[in-house]
Amino acid sequence: MASDSVTVRAPAKVNLQLSVGPLGEDGYHELGTVFHAVSLFDEVTVRTSDEPGVHLTMSGENSETLPVDDTNLAMRAARALAAHAGVEPAITMHVRKNIPIAGGMAGGSADAAAVLVACDALWRLDTPKDQLDAIAATLGSDVPFALHGGTAIGVGRGERLTPVLARGTYSWVFALAEGGLPTPAVYRECDRLREGRHVPAPHVSELLMQSLRAGDPMLLGKALSNDLQVAAVSLRSGLGRVLAVAEDLGALGAIVSGSGPTCALLARDPEHALDLAVSLTSADVCRTVKRADGPVPGARVVG
Ligand code: C5P
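Residues numbered from 1 in each chain as written. Predicted model: local features only at pLDDT ≥ 70, side-chain atom pairs only at ≥ 80, totals over all residues. Heavy atoms only, no water.

**Q** For this particular structure, what's the right way to read the site of the ligand?
**A** By nearness alone, every residue bordering the ligand is listed as Gly27, Tyr28, His29, Leu31, Gly140, Ser141, Arg157, Thr183, Pro184 and Tyr187. At 2.7 Å, a side-chain N or O of His29 approaches an oxygen atom of the ligand. The separation between an oxygen atom of the ligand and a polar side-chain atom of Ser141 is 2.5 Å. Alone, the ligand offers 460 Å² of accessible surface; in the complex the protein occludes 76% of this. Of all elements in the fold, only β2 (29–48) and α5 (183–194) reach the threshold of two or more residues within the shell around the ligand. (Near = heavy atom within 4 Å. Polar contact = N/O pair within 3.5 Å; in protein donor to acceptor, adjacent residues only side chain to side chain. Areas by Shrake-Rupley, 256 points an atom, 1.4 Å probe, with all protein chains shown as cover. Helix = DSSP H or I, 4+ residues; strand = E, 2+ residues; numbered from the N terminus.)

Now the structure itself:
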C-alpha cells in the first residue's frame, strides 16, 4: 500500500562564487557558479486527498506574503511532475518555511525540489534522476541544485551541475535583512551598472577550487566572490554596512548570498560562528542572524 503522506526537507544554498557573464538573448545570464548547500531547511509534507487537484498551505516567518496559487513554485513543481508521469493529482501540500523568503538562498527552489521528491515518493513513480533533473531545470535555475545539494559547480543558467569533491565542513553565519530582493531586479541592476563595459565570459576561480580541495576555511574566505554583490548593495545600501561590520568582527570572508539581501559570513569553526552571530546581533545591522553548516545533502525524505 502506498504511504499517504511523505515529508521531505530541502536545504538553502549560498553561492561561494557567482560569476555572471553577459545577458543572453533568452533574458538569462550565462553563469559560472559554485553552489554550496547549508543546513537551513524548508520542509514539505504532501498527503493524498479525497479532493482532486493540488492544494497548498504554508507556515513560517512571513509565509503569509507568498501566493498559494499556481504561481507558487511548489504548485508548479507538483503539476509538472504529475503531467510528466500522467498522474491526476489529488493532494494537499504543506510547506514549513525556515529559509528566508526572497533572500538569495533559493528557498523557493528548495520547496520545488522538495515537492518533486515528495510527490515522486507519494505516487511511487521512481522517476529516473536525469528526468527529475530535467523537470527541475524547467522550474528554475537553482532547482536542480536543491535536488542534489553538497557543493557543485553550476554553468549555463546555473542548472548544469558538476559535483565538487570538497573536504571539510564549513561554519556559516547568515545576516537576514528586512524584506527580500527580487532576483530579476538585481540582475537588471547588475546590467545597468555594467552598461557600456565589456563583460567577460563567466569563470570559476582556481583559488576557490583549491581551498575546497584543501578544506581550508581561511583560503575559502579569501576566495568568496559574487558578481551580483555590487548590484545588491546598490539597491540596499544597508548591506554594505553588514559586510563592513562582518570584516571588523573577524569573519574569514563575507559576501551577499546570491541576489541578496541575505549576507553570508564564513567562520573558522562552530565556536567562532557563535561568537560572530552574537557580535553581529549586538551590532544591530540586520533583522536577525542564523547559523548553519555546509555542505549538506539535497532534498531527502525524512521520518
Ligand atoms: O531561473 P529563475 O526563474 O530562478 O530565474 C529568475 C530570474 O533571475 C530570471 O528571470 C532572470 O531575470 C534572472 N536570471 C538570470 N540569469 C540566470 C539565472 C537567473 O538573468 N542565469
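**Q** How should I be thinking about the sheet that holds strand β7 (residues 170–176) in this particular structure?
**A** Backbone hydrogen bonds are what pair the strands of a sheet, in a parallel or an antiparallel way. Spatially, the four strands line up as an open sheet ordered β9-β10-β7-β11, and their pairing is antiparallel. Looking at the sheet topology across the chains shown, the edges are occupied by β9 (253–256) and β11 (288–294). Neighbour to neighbour, the strand axes of the sheet diverge by 25° on average, direction disregarded. Two elements, β7 and strand β10 (residues 263–267), share five bridges in a ladder whose sense is antiparallel. Each residue of the ladder has a partner; that of Val173, found in β10, is Leu265. Where helix α9 (residues 238–248) meets the sheet, it contacts β7, β9 and β10, and its direction lies at approximately 170° from that of β9. (Pairing = 2+ DSSP bridges. Axes fitted to C-alpha atoms, helices over the stretch in contact; angles between N-to-C directions. Contact = heavy atoms within 4.5 Å.)

**Q** Quick question: what am I supposed to make of the packing of helix α1 (residues 73–85) against helix α3 (residues 129–139) here?
**A** In a pair of packed helices, the angle between the axes and the distance between the axes together describe the arrangement. Relative orientation of the contacting elements α1 and α3 amounts to 140°, with a least axis distance of 10 Å. By the criterion of interaxial angle, the relationship of α1 to α3 is oblique. Classified by chirality, the crossing of α3 by α1 is right-handed. Across the interface between the two elements, Leu73, Arg76, Ala77, Ala80, Leu81 and His84 from α1 touch Gln131, Leu132, Ile135, Thr138 and Leu139 from α3. (Parallel < 35°, antiparallel > 145°, perpendicular 65-115°, else oblique. Left-handed = near helix turned anticlockwise from the far one by under 90°.)

**Q** Whenever I open this one, the pattern of salt bridges confuses me. Can you help?
**A** Where charged atoms from two side chains of opposite charge approach closely, those side chains can pair. By the definition in use, this model includes nine salt bridges. With a closest N to O distance of 2.9 Å, Glu189 and Arg192 form a salt bridge. On the criterion of helical spacing, the pair formed by Glu189 and Arg192 is a turn pair, its members being three residues apart in helix α5. Members of the salt-bridge network, linked through shared partners, are Asp42, Lys97 and Asp111. (Salt bridge = Lys/Arg side-chain N within 4 Å of Asp/Glu carboxyl O.)

**Q** I would appreciate a short explanation of the pairing of β7 in the present structure.
**A** Here β7 lies mainly inside the structure; seven of its seven residues are buried. Residue alternation in β7 divides its side chains into two sets, Tyr170, Trp172, Phe174 and Leu176 and Ser171, Val173 and Ala175, and both sets are buried. (Buried < 20%, exposed > 50% of the residue type's maximum accessible area, 1.4 Å probe, protein only.)

**Q** Which parts of the structure should I look at to understand unusual backbone geometry?
**A** Backbone phi values are negative for most residues with the exception of glycine, while trans is the configuration of most peptide bonds. Residue Gly260 is joined to Pro261 through a cis peptide bond whose omega torsion reads 5°. Locating Pro261 in the fold gives a position in the loop between β9 and β10. Phi is positive for Ala102, close to 50°, though the residue is something other than glycine.

**Q** Got a minute to help me understand α1 in this structure?
**A** Along an α-helix, a turn takes 3.6 residues, which lines up residues three or four apart on a common side. Between its terminal C-alpha atoms α1 stretches 18 Å, which fits the 18 Å expected from 13 residues at 1.5 Å a residue. Within α1 the residues assigned to the buried category are Leu73, Ala74, Met75, Ala77, Ala78, Leu81 and Ala82. Summarising the contacts, the buried residues of α1 are in contact with β3 (53–59), β4 (90–96), α2 (107–122), α3 and α4 (143–148). Its side-chain oxygen placed 2.8 Å from the backbone nitrogen of Ala74, Asn72 serves as the N-cap of α1. Just beyond α1, the residue with positive phi is Gly86, at close to 70°. (Expected span 1.5 Å × (residues − 1).)

**Q** I would appreciate a short explanation of the side chain of Asn226 in the present structure.
**A** As for its placement among the helices and strands, Asn226 is situated in strand β8 (residues 225–226). Among the residues examined, Asn226 registers a relative accessible area of 9% and is labelled buried. A polar atom in the side chain of Asn226 sits 2.9 Å from the backbone oxygen of Gly258. Setting aside chain neighbours within four positions, we find Asn226 in contact with Leu18, Val256, Ser257 and Gly258.

**Q** Help me understand the state of the cysteines in this model?
**A** Think of a disulfide as a covalent bridge from one cysteine sulfur atom to another cysteine sulfur atom. Evaluation of the coordinates by the stated rule reveals zero disulfides. For Cys190, which is in no disulfide, the shortest distance to another cysteine sulfur is to Cys263 and amounts to 16 Å. (Disulfide = S-S within 2.5 Å.)

**Q** Whenever I open this one, the domain arrangement of the protein chain confuses me. Can you help?
**A** By a frequent convention, interface size equals the accessible area lost on bringing the separate parts together. In terms of domain boundaries, the protein chain breaks down into domain 1 (5–164) and domain 2 (170–294). The gap between the C-alpha centroids of domain 1 and domain 2 is 23 Å. Between domain 1 and domain 2, the residue contacts involve 34 residues of the former and 39 residues of the latter. Buried area between domain 1 and domain 2, summed over both chains or domains, comes out near 2,800 Å², and the portion from carbon and sulfur atoms is 61%. Put simply, domain 1 and domain 2 have 18 residue pairs in polar contact (both at pLDDT 80 or more) between them. For the side of domain 1 that touches domain 2, the elements supplying multiple residues, two or more each, are β1 (5–23), β2 and β5 (151–156). Among the residues forming the side of domain 1 that touches domain 2, the class breakdown is 17 nonpolar, 14 polar and three charged. (Domains from an automatic or database assignment. Buried area = accessible area lost by both parts, 1.4 Å probe. Nonpolar A, V, L, I, M, F, W, Y, C, P; charged D, E, K, R; others polar.)

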